[in-house]
Amino acid sequence: GIFSGCTSITDISCVLKSGITKIGDGAFAMAVNIPSEIVIPEGITEIGADAFYRDENIVSVELPEGLLSIGDFAFSSISGGKLSSINFPNSLEYIGDSAFSKTALSGELALKGNIKSIGQNAFVGCDQLTSVLIGSEVESVGAGAFSSCNALEKVTIQQGCSGENWGDSVFR
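Residues numbered from 1 in each chain as written. Predicted model: local features only at pLDDT ≥ 70, side-chain atom pairs only at ≥ 80, totals over all residues. Heavy atoms only, no water.

## Examining the environment of alanine 99
No. 1: Within the element layout of this structure, alanine 99 appears in the loop between strand S7 (94-95) and strand S8 (106-111).
No. 2: Given a relative accessible area of 0%, alanine 99 falls into the buried group.
No. 3: For alanine 99 and tyrosine 53, which are 46 residues apart along the polypeptide, the C-alpha to C-alpha distance reads 8.7 Å.
No. 4: The contact partners of alanine 99, leaving out residues within four places of it in the chain, are Ile70, Gly71, Phe73, Ala74, Phe75, Ser76 and Ala122. (Helix = DSSP H or I, 4+ residues; strand = E, 2+ residues; numbered from the N terminus. Buried < 20%, exposed > 50% of the residue type's maximum accessible area, 1.4 Å probe, protein only. Contact = heavy atoms within 4.5 Å.)

Structure representation (structure tokens):
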């Protein structure tokens, strides 16, 4: 990606100018000093694969209404990243494979609104999650989406969510 591996990014809004609709694949992957709080500006409709992959300093992410898709491994960590807080806008439809794997997301995770697809291993290894709510619009959940979420105590599946297109071992 264009800023992959950078060591001095202090504000991503200065590079995400008006008119940009997609954060490209790997754009900020493994950026060393990326800010701990990321605010994705309005107008962004897609976050590409690996966009913030292994950005271990990120603690919170604010996503804009209008965002439709979060790509594979977009915020994934390898060694247990610090990302513990994120909002999912009602417009979001797709969460890619391993998009939030091994992050520090904690407490309740509400996957509702217009989310239709949750990728394979999307939240694998998020061992601080205690509760997951899967909304009525969800049509598919990939294999292992919530596997190794060791603190998970409660799963709520809203009426209308059929569970027909779910992979194996979703909550293994």
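From this point, the discussion proceeds with the structure in view.
## Focus on the packing of aromatic side chains
No. 1: Applying the stated criterion to the full structure yields 10 aromatic pairs.
No. 2: Relative to phenylalanine 52, the ring of phenylalanine 28 lies with its centre 5.2 Å away and its plane at 10°, an arrangement referred to as stacked. Of the two residues, phenylalanine 28 sits in the loop between strand S1 (22-23) and strand S2 (37-39) while phenylalanine 52 sits in the loop between strand S3 (46-47) and strand S4 (60-62), which places them 24 residues apart along the sequence.
No. 3: Its relative accessible area of 1% is what places phenylalanine 28 among the buried residues. (Phe/Tyr/Trp six-rings, centres within 6.5 Å; stacked < 30°, edge-to-face > 60°.)

## With respect to the sheet that holds strand S5 (residues 69-70)
No. 1: What the seven strands build is an open sheet, ordered S1-S3-S5-S7-S9-S11-S13; its pairing is parallel. Where the open sheet ends on each side, the last strands, each with one partner, are S1 and strand S13 (165-166).
No. 2: With two bridges connecting them, strand S11 (residues 140-141) and S13 associate as parallel partners. Residue pairing across strands places valine 141 opposite tryptophan 166, the latter belonging to S13. (Pairing = 2+ DSSP bridges.)

## Some thoughts on the side chain of threonine 103
No. 1: Along the chain, threonine 103 falls in the loop between S7 and S8.
No. 2: Threonine 103 sits in the buried class, given a relative accessible area of 4%.
No. 3: At 2.9 Å, the side chain of threonine 103 forms a polar contact with the backbone oxygen of phenylalanine 100. (Polar contact = N/O pair within 3.5 Å; in protein donor to acceptor, adjacent residues only side chain to side chain.)

## As for empty space enclosed by the protein
No. 1: Applying the stated rule across the entire model yields one cavity of 30 Å³ or more.
No. 2: Reported here for the largest cavity is a volume of approximately 70 Å³.
No. 3: As for the largest cavity, its lining consists of Phe52, Arg54, Asp55, Glu56, Ile58, Phe75, Ser76, Ser77, Gly81, Lys82 and Leu83.
No. 4: For the lining of the largest cavity, the per-class residue count stands at four nonpolar, three polar and four charged. (1 Å grid on protein atoms, 1.4 Å probe; cavity = no way out; pocket = protein on both sides within 12 Å on 5 of 7 lines; lining within 4 Å. Points joined across faces, edges and corners; volume = space filled by probe spheres on them. Nonpolar A, V, L, I, M, F, W, Y, C, P; charged D, E, K, R; others polar.)

## Describing the pattern of salt bridges
No. 1: All told, the structure shown has two salt bridges when counted by the stated rule.
No. 2: For the salt bridge of lysine 22 with aspartate 25, the shortest nitrogen-to-oxygen distance reads 3.9 Å.
No. 3: You can call lysine 22 partly exposed: its relative accessible area is 36%.
No. 4: Residues joined by salt bridges that share partners form a network here, namely Lys22, Asp25 and Glu46. (Salt bridge = Lys/Arg side-chain N within 4 Å of Asp/Glu carboxyl O.)

## What about unusual backbone geometry?
No. 1: We note that asparagine 121 has phi near 55°; this positive angle belongs to a residue other than glycine.
No. 2: In this fold, asparagine 121 is placed in the loop between strand S9 (117-118) and strand S10 (128-134).

## Remarks on the nonpolar core
When a protein is soluble and globular, its nonpolar side chains tend to lie buried together.
No. 1: If you look at the biggest cluster of nonpolar residues, it comprises 43 residues, and the most contacted ones within it are Ile47, Phe52, Phe88, Phe100, Phe123 and Phe146.
No. 2: The set of elements that each furnish at least two residues to this core consists of S8 and S10.
No. 3: Sorting elements by how many residues they give to this core places S10 first, with three residues.
No. 4: Sequence-distant contacts of phenylalanine 123, that is, excluding residues within four places in its chain, are made with Phe88, Ile95, Phe100, Ser101, Leu105, Leu109, Leu111, Ile118, Ala145, Phe146, Ser147 and Cys149. (Core = buried A, V, L, I, M, F, W, Y, C linked by side-chain atoms within 4.5 Å.)

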